[in-house]
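In case you want the letters, here they are:
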Amino acid sequence: MTENKRSPFVYVDPALFILCVVTVLVGYKAWGYFHIQNPMVANALLGGAVAAFGTTIGTLPVLLARSLSVRTQDTMLGFAAGVMLAACSFSLIIPGIDAARSQGVGAWGSGFIVAGSIMLGAGLMFLIERFVPHEHFIKGVEGQQALLIRRTWLFVFAIALHNVPEGLAIGVGFGGTDQLRASALAAGIAIQDIPEGLVVAVALVGAGYKRSSAVLLGIVSGLIEPIAAVLGALVINLSTILLPWGLGFAAGAMLFVVSHEMIPESHRKGHEAYATGGLIIGFVIMMLLDTVLA
């Protein structure tokens, strides 16, 4: 569907709605299959779905609220970044080192395994960021051949890039042996997805999308989380030796998103103090979720 030249709004391609419905139906069937064949993967799918639901909840207020101040948006982005930073530390990196040491690897070896996997995860995200066409709300179009793709899909790709590491982290967590810690991680990511989903929807409205279209785009972008969660869990299920590598890889991908996207976006309009305050609050909440619940 093309843009209406007489209107400032951009209408969502019906393919987005179809994609959303098909993904939900396939996810339901996949959960039924994995619930019998591989409960850990089923739990990962459920954890990813909970996180995606957090994004959905976050987008809904856009249908009612008229606006959201830039300061509030930056605070929310900072909060989401803080949650992700704490998740990297307490849910991924430390358990990754512990997992390597439990496999008989020494202290230095465990550290190098996780450090190397962090570099791999961040490196992959760098390549995706460099070559996958997408559009940021502030920085604009990035990636090769971006101008050949509809603007709607460029936004979807950009938002999905944020959600891939979160889904991988959930999947790797459930693919391991500590299901309680994985549940805490999924809960923390779902919590930070609520303000992140709201910020995304508000930004889409600001970019000229109708409110209903912004909500649908936010929902579609969140669907990558359960998909990535299943992939992460399946990889870890191949061999427990991959667990420390998977945890570090997910941490590296998340660290890239936080440093390359979320913190710069939240500091770009002069509300650094509020963004930093949100980051600290998010970090503390995720730390408590991880240390108390796990």
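Attention here is on the structure that accompanies the text. What you see is a predicted model; the values in this text were computed from it and never measured. (Residues numbered from 1 in each chain as written. Predicted model: local features only at pLDDT ≥ 70, side-chain atom pairs only at ≥ 80, totals over all residues. Heavy atoms only, no water.)

Points about the overall build of the protein chain
Rule in force here: Where helices and strands are cited, they refer to DSSP runs of H or I of at least four residues and of E of at least two residues respectively, numbered from the N terminus. Three labels apply to residues, based on accessible area from a 1.4 Å probe with only protein chains included: buried if under 20% of the type maximum, exposed if over 50%, partly exposed otherwise in between. The contact criterion used is simple: two residues touch if any of their non-hydrogen atoms lie within 4.5 Å. Each accessible area is a Shrake-Rupley result for a 1.4 Å probe, and residues are judged covered by the shown protein chains and nothing else.
Across its full length, the protein chain carries 10 helices and 2 strands. Seen in sequence order, the protein chain has helices and strands lined up from the N terminus as α-α-α-α-β-β-α-α-α-α-α-α. Counting over 294 residues, the protein chain shows a buried share of 49%. Expressed as a percentage of contacts within the protein chain between residues at least 6 apart in sequence, the contacts between residues at least 24 apart total 79%. Total accessible area computed for the protein chain in this model is approximately 13,600 Å², and 71% of it derives from carbon and sulfur atoms.

Looking at a nonpolar patch on the surface
Counted only if it meets this: Patch membership requires more than 30% relative accessible area and the absence of a salt bridge. Residues of like charge join within 9 Å; the nonpolar side chains Val, Leu, Ile, Met, Phe, Trp and Tyr join within 5 Å. Salt bridges are defined by distance alone: a side-chain nitrogen of Lys or Arg within 4 Å of a carboxyl oxygen of Asp or Glu.
Taken together, Phe17, Ile18, Val21, Val22, Leu25 and Val26 make up a surface patch of nonpolar side chains, about 550 Å² in accessible area. Position of Val26 among the secondary structure elements: in helix H1 (residues 14–37).

Points about the nonpolar core
For clarity, the threshold we go by: Here, nonpolar core means buried Ala, Val, Leu, Ile, Met, Phe, Trp, Tyr and Cys residues that are tied together by side-chain atoms lying within 4.5 Å of each other.
Core analysis: the biggest nonpolar cluster contains 48 residues, and Leu92, Ala169, Ile170, Leu185, Met254, Met262 and Met286 have the highest contact counts within it. By residue number, the principal contributor to this core is helix H3 (residues 70–102), which donates 11 residues. With sequence-adjacent residues up to four places away left out, Leu185 is seen in contact with Ala87, Ser91, Leu92, Ala169, Ile170 and Met286. Core analysis: the next-biggest nonpolar cluster, separate from the first, contains 9 residues, Val62, Val200, Tyr209 and Leu217 among them.

Some thoughts on the pattern of salt bridges
Tallied over the full model, the rule gives 2 salt bridges. Across the salt bridge formed by Asp290 and Arg181, the nearest N and O atoms sit 3.0 Å from each other. Taken together, the residues span a long stretch of sequence, with Asp290 in helix H10 (residues 272–293) and Arg181 in helix H6 (residues 179–206) at a distance of 109 residues. The class of Asp290 is buried, set by a relative accessible area of 2%. The shortest N-O distance in the salt bridge between Glu265 and Arg268 comes to 4.0 Å.

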